[in-house]
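The residues making up each chain are set out below.
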Amino acid sequence: MKNKGGFNCFVAVLIWLFISINLPAQPTLGLAEIINFSHEATRGGTQNWQVAQGPNGILYFANNAGLLTYNGRDWKLFALPNKTMVRSLSLSSNGRIYVGGQDEIGYFAPTNNGGLTYYSLLPVIPSQHHSFGDVWNIIHTGDYLFCRTSRSIFRISIKNQQMADVYIAPNGSRWAFMGMHGSRLIAQNGNENMVLFAQNKWQKMNLPALNNTVVTAAVDYGKDTTLIITMRNGLYLLSDMRAVPFPVKNEVKEAQIYSATATANGRFALGTVNGGIYFINKKGDVVSQYSTDNGLQNNNVRALLANDGYNLWAALDEGVALIQFNSPIQRITPTLKGRTATYASLVYNNRLLVGTSTGLYEAIIDSFKTPDFSQSQSLFTKVPHIDGQVWSLNLLHNKVLIGHHDGAFEYHSASARYITRLGGGYWLYRAARRQGSYIAGTYQGLQQLIATAKGFQSDSSFNNLLKETLRFVEIDEINNTIWASHPNRGVYMFTMSKDFQKVTSVSLLTDKHGLPSFKNNYVFRINQTIVICTEEGIYEYDTLNKVCRPSKMYQQLLGKISIKYLTQDSNNRMWFATDKTVGYFKDQKVHFIQEIEDLLVPGFEHIYPYNDQNIFIGSTNGILHINLEKYARQTSKLQVSFSKITAGSNNDSLLFDGFQAADSKGNISFAQPPQLSAKINSFRFEFTSNQYNPTAKVQYQYKLEGFDTEWSTWSEKKEKDYTNLPHGKYRFLLKGKDVANNESAIVAYSFDVPPHWHQTVWAKIFYAILAIGLAIALTKIHQYRIAKQKQKFEKEEAQLKYLHELELEHSEKEIIKLQKEQLEAEMQFKNKELAAATMHLYKRGKLLNKIKEDLLLATRALQDTGEKKDFIKLLKLIAEEEKRDGDWEQFAIHFDTVHNKFLQRIKKTYPTLTPTDLKMCAYMKMNLSTKEIAQLMNITIKGVEVSKYRLRKKLSLSQDNSLTAFINDFS
C-alpha cells in the first residue's frame, strides 16, 4: 500500500507539472515601457543580429547594412568594405569592435578624431579558407578571438594578429553554436554535439540530453551552472558536465527561442522567433511577455542585451526595441488591444479595480505573495453590468461607489449594480455626517444617497439648489458646509442645515473674493482643512473675513504652481498633479516624478497612493504604477559623453565623432585635438548620456573654462554652441543629473584656439622690434627734422639777420640819404645864403661902383675946390672900401664850413693858387655864371675867362677836362 501511495503521489506531481507547463503563461499586471526604433529611425537595415554595449555606453548592433551604433542621441552606420551584412560582433577592452560579415572578418577602431576606421583580418586567414560565408558569432576570450562560421571556427591571436588555428567541423557537419560555460568555451556541431575547448582542441562533452537539439544561447545561471537554450526543445541546466531539462511553458518552446540573456533581478529574458520576449524566473515561470500584442514592434528577436539593471535592448528582425523591464514605473493596461485612458483605480478585497473610458476592469492580486501589485501574475476581466465612462471609484465605509457617465453604481462581488440616474452623470462621492448618508457631485449639482439594507438609494427629498456640474466636492463638518467647484464658474460654498439634510444657502466665490480667477479652481480636503487649488497656487478660506488667501505653508513649498489634483497618503505625503506631471512633498521637500511627464489625462488627473509600493496614476494609456520604494533606491550610474564636436562657422571641421579610444587598462581618453586655423573660433558640442529612454529626463550642466565664469543652469538641451572665441586654451566641462538628482562624473574636452599671426609671440616680438626700430627711426627722423628745422631756423635767422642788416643798411642809407639830403638842403640853404651874401656883395659893389661913378662925375662938375676935395676924399673912401678883403675872408670861412673845407683842401693840394684863384674856385663851386663871377670880382667877363685859363694851368688840367667838373668832384 505504501508503494501504491508513493506511486500515486509521483503520478500526481507529474500530472501537476504537465498541467502547469501546458497552461498559458500568465504575465504580470505591470508591463514595462517599450520604446521602438524602426529601421527608418535607425537609418540601418531591417534586421539586427547581435547587440553589445561599450564602456562609454555606446550601443553596437550587427545590422544587415553594417555596424550600427547608438549613443542615446544619434544613430550611425558603418558599412563593411564589401558592403555585406554584419552577423556578429564582439567588443574588446581597448576600444576595438570586432565584426563578422560574409567572407569578411575585421574590426573597427577609433581614430584620433573619434571616428571609426575598419581594419580587415582577412589577410591573416589562409587563402584556402577565404570563402567561409557568414561569421555567426565572435567570442573574445583570453588573448584569442574565436570566430564561428558554418564550416570553420577561426582562432586568431589578438596580440600579433596572426591565425593560430582553423577548426573545421568534423565529417562535413556544421558548427551550429558557440558560447561560454563559465570561463570555458563550448560549441555544438552536427556530429559530436556539444564540445568543450581545452588544450587547444575541441573535446566531446558527452551530453546525451542535448543530442538532436539546436542550441541557440548559453546564459550564466549562477553557482557554476549555465542555462542552455535550444531552438525547439526548451531549456537545460548545464553543471558538472551534466545537462538536465529546465521546466518552461510549452508556448515558450513553441515560440522557438533564438536568444537569451540574464537580467539584474534574477530573471532571464528569452527572445523568440515568433512570440516576442518572455521573462522567466529561476523556476521557469513566465513572469511577463512582450510581443506585438502589447507594444513590441516585431516578434522575431535575434539578440538581447540587459544593461544597467533596468533596461533590455532587443535586436529585432525589424528594427530595435528598448524595454524598461525593471523600471519602478510600470504600465498596467486593462485592455491588451489599443490605447485606453484610465480615470480611476482602487484596491479592494484583493482586487485591483481600474475605471476606464470603456468600463470597469478588475484583476486578482495577492498582496502577501507580491507586495508590488504590478508584479502580480494575473489577468484583467471586465466587470459586468457597467459599460462606458467611469469617472471615479470611492471606498466609503467598506463600500465601493462608482462615479459613471450614466449615473451612480455600486461595485459588489465582481459585478456592478445600478443605483440611480438622478442628477445625470455622477462624478464622485463623499461621506456625510449622518451614518449611511453620502453626498455626490453630479452633472446637475449635489445629490444625496442613503445606504439601506437593500443597497444604496437616492434621497429625493434632498433640495438641490444649484443645477451646475460639480466634479470636485468636499465636506467641512466643523463649519457645516459643503464645498464644490466648477472649472469655469468658481467655487461654491453650500451652507447646510444642522442635520445636513437641507442646503440653506449657496455662495459663489470668484476673483472678487480673493481668488486669482473664477476659472480653473479645484477643491480638496487635506488634514481636515479645505484648500482651493488655483492657477497661482493653493489658497485657503478665511472664515472670519470671508475671503480666500494664499496658503502660507503650501505657497512656501510649491509657490504659484497650478495644481489640478491633490491627495494625501497614509504616510502624510501630499501628492499633487499639475497639467503635465505628478509630484509629492513631505518634510518640506518637493519631489517630481518627471518620467511620467505629459502622460496624464489633461483635466482628469488621478492619483491613488495605496502604499509606498503601489502608487497608481491615471494616464492616456492604462494606469501608471510607481513603486516608490524602488524608485528611491535607483542606483543606475549616470554617464555623460560627447557624441560630436565640430568647429567652424558651418560646423564643417569635425574634431570628435563620438568614439573614444581606450588604453591598455580600458581607460577612455581623448586624443589630442588637431591644430586648428586661427580663423576657426566657433565650436559646437553635442552630448548625451547612457540613460537612453526618453522618460529619463536627464539634465546637463556645462562650463567652458577660459570663457565661462560659472556653470550653466541645468537643462535637458543636448548641445551647446560657442562663437567668436578669443584665442587661448579652453576646457569644456560637462556633467549630468538624473531625476533622482544623482550627478555623473565630469567629462572634459580640451582644445586651443590658436592666435592669428598678428597675435602670436613671434608677432609680438616682431612688433616689439618693429616698434623699437620705428621708435629709433622716429627719433632719427625727429632729430633730422630738428636739425633741418634748426638749419632752417639758422638760415631764416641768417636771412633775418641779413634782412635786418639790409634793413639796417637800408636804414643807414636812408639816414645817410636823409642826412645827405639834409646836408644838401643845408648846403643848398647855405649856398643860397652864400649866394645871397655874394649877391649882396655884388650889389654893394655895384652900388659902390655906381656911387663912385656918380661921385666922380659930380666931382668933375664941381668948381669949388673945397667941395671937390670933399668929394675926392669920399671917392678915396669908397675905393678903399672896395679894396678891403674883410668881406672875402668872412665869406671864405663861411664857404669852407658849407663845403667841407673845400678852399683849405684845394689850397693844400695846389699851394700856387692865389686868393683870386680861390675866389674863382669858390664861385665856380657855387655854380655861378661867368657874368655873376665878373661882377663879384669887379672884372670883366674876359678877365674871368683869363682867370679860368690861368686856374686850369695851375690845376694841370688838359683841354679835354672840364674845369667846372673838376671843381665839383674835388674831395
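Residues numbered from 1 in each chain as written. Predicted model: local features only at pLDDT ≥ 70, side-chain atom pairs only at ≥ 80, totals over all residues. Heavy atoms only, no water.

Caption draft 1: Fine view of the UniProt feature "domain: HTH luxR-type" (unreviewed entry) in the chain. Following the UniProt record, the feature "domain: HTH luxR-type" (unreviewed entry) maps to residues 910-967 here. Secondary structure across residues 910-967 divides into 66% helix and 0% strand, with the first and last C-alpha atoms of the span separated by 12 Å. (UniProt positions renumbered as here; feature names shortened; annotations may be inferred. Helix = DSSP H or I, 4+ residues; strand = E, 2+ residues; numbered from the N terminus.)

Caption draft 2: A look at the sheet that holds strand E10 (residues 116-120). Taken together, four strands build an open sheet; the order of strands is E7-E8-E9-E10 and the sheet is antiparallel. Because the sheet does not close on itself, it has two edges, and the strands there are strand E7 (88-91) and E10. Looking at each pair of strands side by side, their axes are set apart by 25° on average, direction ignored. Pairing of strand E9 (residues 105-110) with E10, which is carried by five bridges, proceeds in the antiparallel orientation. Residue pairing across strands places Ala109 opposite Thr117, the latter belonging to E10. (Pairing = 2+ DSSP bridges. Axes fitted to C-alpha atoms, helices over the stretch in contact; angles between N-to-C directions.)

Caption draft 3: Spotlight on the pairing of strand E18 (residues 201-204). As paired elements, strand E17 (residues 193-198) and E18 share four bridges and run antiparallel to each other. From the neighbouring strand, Phe197 faces E18, where its bridge partner is Trp202. The turn joining E17 and E18, which pair antiparallel and follow one another in sequence, is formed by two residues; a positive phi near 55° is taken by Gln199.

Caption draft 4: Molecular detail of the packing of aromatic side chains. Summed over all chains, the structure comprises 67 aromatic pairs. With a centroid separation of 5.8 Å and an interplanar angle of 80°, the aromatic rings of Tyr343 and Phe604 are classed as edge-to-face. Here Tyr343 is found in strand E31 (residues 342-348), whereas its partner Phe604 is found in the loop between strand E54 (589-593) and strand E55 (607-611), with 261 residues between them in sequence. Residue class for Tyr343 comes out buried when judged on its relative accessible area of 13%. A residue is classified by how much of its surface remains accessible, and Phe604, at 26% relative accessible area, is partly exposed. (Phe/Tyr/Trp six-rings, centres within 6.5 Å; stacked < 30°, edge-to-face > 60°. Buried < 20%, exposed > 50% of the residue type's maximum accessible area, 1.4 Å probe, protein only.)

Caption draft 5: Representation of helix H12 (residues 941-954) within the structure. End to end, H12 covers 20 Å across 14 residues, agreeing with the expected 20 Å (1.5 Å per residue, within 8%). Within the sequence span of H12, burial applies to Val944, Ser947, Lys948, Leu951 and Arg952. The buried residues of H12 occupy one face: seen down the axis, they fall within an arc of 140°. More than 90 degrees from the buried face of H12, the exposed residues found are Lys942, Arg950 and Lys953. Looking at the buried side of H12, the elements it contacts are helix H10 (915-925), helix H11 (930-937) and helix H13 (963-969). Phi turns positive, to about 60°, at Ser956, one or two residues after H12. (Expected span 1.5 Å × (residues − 1). Arc of directions from axis to C-beta. Contact = heavy atoms within 4.5 Å.)

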